[in-house]
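Below are the chains, spelled out letter by letter.
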Amino acid sequence: MGGTEHLTVQREGATLVLTLNRPEAKNALSLPMLVGLYDGWLAADADDAIRSVVLTGAGGAFCAGMDLKALAAGGGMAGEQYRDRMKADPDLHWKAMLRHHRPRKPVIAAVEGHCVAGGTEILQGTDIRVAAESATFGLFEVRRGLFPIGGSTVRLARQVPRTHALEMLLTGRPYTAREAERIGLIGHVVPDGGALKKALEIAELINANGPLAVEAVKACVYETAELPEAEGLALELERGWPIFDTADAKEGSTAFAEKRPAVFRRR
């Protein structure tokens, strides 16, 4: 369903799986891939039957960053329709990379192999992160005299301790999956080949919950992240109280009392 020549889109139950699909280039970002990613985020949010999204890569890699050669050539192999989309929305590539676009649905990253440069920047826009044992992370931009402009100088130090963020940003060195887990960049390390399976298991746990509650909780976590505690707690009440008045909340309580799985209907 959907997708572009460099991105495949599949449904796994209530989960939408977006797969970066340029294995010959370690899934380096191309214009078709960026357009497909942005369309995927929009499709997930527009479909009430989708309750979570998994982002992964084909061929044993996640993403090796931007395809600088193709972009320098004006989009390289990209068809005119992709270039037209980018011209129509000059911000599309940033939205695709989750720099300043946040899907309503939870996004889980399933990382195998290389997740570097732009790959590590996209990773910071995801909510839950799983990595294979041999996965590699890193922001290599300074090694090439470049700047990690996909949000890392702002977001990374908010997600991991500042000393680790600055070391990653300023040294440009690669990090193993275990190092990334130790500093808090990822949450799970699994055997090679198992990242997608683990991500889908987490997605299934999320999918079983009340979707209105899940989306409100996610929104509240991000909206209150930089607020003083008192303001954050006030916003939590604004977000949280309406959930208690939903039919889904009543169904959850009834299902618990009746010792059966809840059937949530997003209302």
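A. Layout of the nonpolar core. One finds Leu-18, Leu-37, Val-111, Phe-137 and Leu-185 to be the most contacted residues of the largest nonpolar core, which totals 48 residues. At eight residues, helix H1 (residues 31-46) tops the list of elements feeding residues into this core. Val-190, Ala-195, Ile-206 and Val-214 belong to the second-largest nonpolar core, a separate cluster that totals 12 residues.

B. Expanded view of the sheet that holds strand E1 (residues 7-12). Judged by pairing direction, the sheet is mixed, and its six strands sit side by side in the order E1-E2-E3-E4-E6-E9 without closing on themselves. Single-partner strands in this sheet number two, and they are E1 and strand E9 (188-190). In this sheet, adjacent strand axes meet at a mean angle of 20 degrees when their direction is disregarded. Relative to strand E4 (residues 107-111), strand E3 (residues 52-57) runs parallel, the two sharing four bridges. In the strand pairing of E4, Val-54 is matched with Ile-108.

C. Up close: empty space enclosed by the protein. Applying the stated criterion across every chain yields a total of two cavities of 30 Å³ or more. Taken as a whole, the largest cavity encloses approximately 40 Å³ of empty space. Surrounding the largest cavity, Ile-50, Arg-51, Lys-105, Pro-106, Ile-206, Asn-209, Pro-211, Val-214, Glu-215 and Arg-266 form its lining. With three residues, helix H10 (residues 211-223) is the largest single contributor of residues to the lining of the largest cavity. When the residues that make up the lining of the largest cavity are grouped by side-chain class, the tally is five nonpolar, one polar and four charged.

D. Main features of the pairing of strand E2 (residues 15-20). Taking burial as the measure, the six residues of E2 include six buried ones, the bulk of the element. Taken together, the six bridges between E1 and E2 define a ladder with antiparallel strand orientation. Bridged to Thr-8 within E2 is Thr-19. Taking the residues that link successive antiparallel strands as the turn, the E1-E2 hairpin has two residues, and the phi of Gly-13 there is positive, at about 65 degrees. On the question of chirality, the crossover connecting E2 to the parallel E3 by way of H1 is right-handed.

E. Region of the structure containing helix H6 (residues 152-159). What H6 keeps buried is the set Ser-152, Arg-155 and Leu-156. Along the axis of H6, the buried residues cluster in a sector spanning 100 degrees; they form a single face. Turning to H6, the residues buried within the fold contact helix H5 (118-123) and helix H7 (162-171).

F. Structural detail: unusual backbone geometry. Of note, Leu-98 is a non-glycine position whose phi angle comes to about 60 degrees, a positive value. Within the element layout of this structure, Leu-98 appears in the loop between helix H4 (92-96) and E4. Under the relative-accessibility criterion, Leu-98 is labelled buried at 2%. Positioned with a positive phi, Lys-259 is a non-glycine residue whose angle comes to about 55 degrees. Here Lys-259 shows up in the segment after helix H12 (247-257). Judged by relative accessible area, Lys-259 falls into the exposed class, the value being 78%.

Definitions and limits used
- Along each chain, residue indices are assigned from 1 in the same order as the chain's sequence is written.
- Residue-level local features of this predicted model are given only where pLDDT is at least 70; pairs of side-chain atoms are given and counted only at 80 or more, and the full residue set underlies all totals for whole chains, interfaces and linings.
- Note that water and hydrogens are dropped before the side-chain values are worked out from all heavy atoms of the structure.
- Residues grouped as a nonpolar core are buried Ala, Val, Leu, Ile, Met, Phe, Trp, Tyr and Cys residues, joined through side-chain atoms within 4.5 Å.
- Partly exposed describes any residue whose relative accessible area lies between the buried limit of under 20% and the exposed limit of over 50%, with all areas from a 1.4 Å probe on protein chains only and scaled to the type maximum.
- Runs of H or I in DSSP of at least four residues are treated as helices and runs of E of at least two as strands, each being numbered from the N terminus.
- A pair of strands is labelled paired if DSSP reports no fewer than 2 bridges between them.
- Every angle, taken between N-to-C directions, lies between 0 and 180 degrees, and every axis is a line fitted to C-alpha atoms, over only the stretch in contact when it is a helix.
- Points on a 1 Å grid, built from protein atoms alone, make a cavity when a 1.4 Å probe fits but cannot get out and make a pocket when they are open with protein on both sides within 12 Å along at least 5 of 7 lines; residues with an atom within 4 Å of a point are the lining residues.
- Grid points are joined across faces, edges and corners, and a volume is the space filled by probe spheres set on the points.
- In this count, Pro and Cys sit with the nonpolar residues alongside Ala, Val, Leu, Ile, Met, Phe, Trp and Tyr, while Asp, Glu, Lys and Arg are called charged and the others, Gly among them, polar.
- Handedness rule for crossovers: strands pointing away from the viewer, path from the first strand over the helix to the second running clockwise, crossover right-handed.
- The arc in question is traced by the directions running from the helix axis to the C-beta atoms.
- We call two residues in contact whenever any of their non-hydrogen atoms come within 4.5 Å of each other.

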